Amino acid sequence: MSTPHNNAVAGQIAETILLPGDPLRAQYIAENFLEDAEQFNAVRNMFGYTGTYKGKRISVMGTGMGCASIGIYSYELIHTYGVKNLIRIGSCGSYSKDLKLFDIILAMGSSTDSNFASQYQLNGTFSATASYELLEKAKKVADSKNIPVVVGDVFTSDIFYSASPDEWKKWEKMGVLAVEMESYALYCNAKYAGVNALTILTVSDSFHFEKKTTPEERQKSFTAMMEIALELA
């Protein structure tokens, strides 16, 4: 049952899983939100845990950075371990002037500069979108908790340090809210397999002002996003 990247065995991973990029954020969620959490993976220090939240079984696991990394982990979770609902909880850089640090985005769709979808040999450009079921449920949860969220599109980039530093302005003009590095691959894998995926992002920095969150804040302070995601089990 194990894979080259995950030593979990059958039944150890829940059908719903939260996917932070940082494995230490996965550990933080397991230690602070889950009851009876048990670790199922430590291969490459990509920590994964399963426990219960309000009586519902749920898992959490790090995915690393970029489409290649989340593409591997999400594929194995879907096809080897039978995961049905994959919820990325990550950080992003805001393209929008209206978004501040710690604002939350529900990513309705993802554009990209990645060639991840080329594997499907589609005669066109694939539009990678979230599961409407999870998106609608997340919005209702946020409203019930009085947590403000913005629903819109993000940009999944393969490049963190760009040689074209003003390229982002073109995406801003198209109404794209923020940039991150994983959602497009996650949405592609989920669509191809017929399962559900959603990305929930917290703004960690902005292209319009200099203030940024710290690594510790990104690991431990994005609790509003975590609380929304945990209710989706």
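Rules of the game
Residues numbered from 1 in each chain as written. Predicted model: local features only at pLDDT ≥ 70, side-chain atom pairs only at ≥ 80, totals over all residues. Heavy atoms only, no water. UniProt positions renumbered as here; feature names shortened; annotations may be inferred. Patch = residues over 30% accessible without salt bridge, like charges linked within 9 Å, V, L, I, M, F, W, Y side chains within 5 Å. Areas by Shrake-Rupley, 256 points an atom, 1.4 Å probe, with all protein chains shown as cover. Salt bridge = Lys/Arg side-chain N within 4 Å of Asp/Glu carboxyl O. Helix = DSSP H or I, 4+ residues; strand = E, 2+ residues; numbered from the N terminus. Buried < 20%, exposed > 50% of the residue type's maximum accessible area, 1.4 Å probe, protein only. Contact = heavy atoms within 4.5 Å.

The name that an unreviewed UniProt entry assigns to the protein is Purine nucleoside phosphorylase DeoD-type, with the source organism given as Filifactor villosus. Taken from UniProt, the Function (unreviewed entry) comment for the protein reads in full: "Catalyzes the reversible phosphorolytic breakdown of the N-glycosidic bond in the beta-(deoxy)ribonucleoside molecules, with the formation of the corresponding free purine bases and pentose-1-phosphate." The UniProt entry for the protein carries the following comment under Subunit (unreviewed entry): "Homohexamer; trimer of homodimers."

*Asks:* What should I look at first to understand a nonpolar patch on the surface in this one?
*Replies:* Together, Met 65, Phe 160 and Tyr 161 give the surface a local cluster of nonpolar side chains, amounting to about 480 Å² of exposed area. You can see Phe 160 is positioned in the loop between strand S8 (149-156) and helix H4 (168-173). Taking the relative accessible area as the measure of exposure, Phe 160 reaches 59% and is therefore exposed.

*Asks:* Would you mind going over the UniProt feature "active site" (unreviewed entry) in the protein with me for this structure?
*Replies:* The positions that UniProt labels "active site" (unreviewed entry) are, in the present scheme, Asp 205. As for its position among the elements, Asp 205 is in strand S10 (residues 196-206). Not counting chain neighbours up to four residues away, the residues in contact with Asp 205 comprise Cys 92, Gly 93, Ser 94, Leu 101, Lys 211 and Lys 212.

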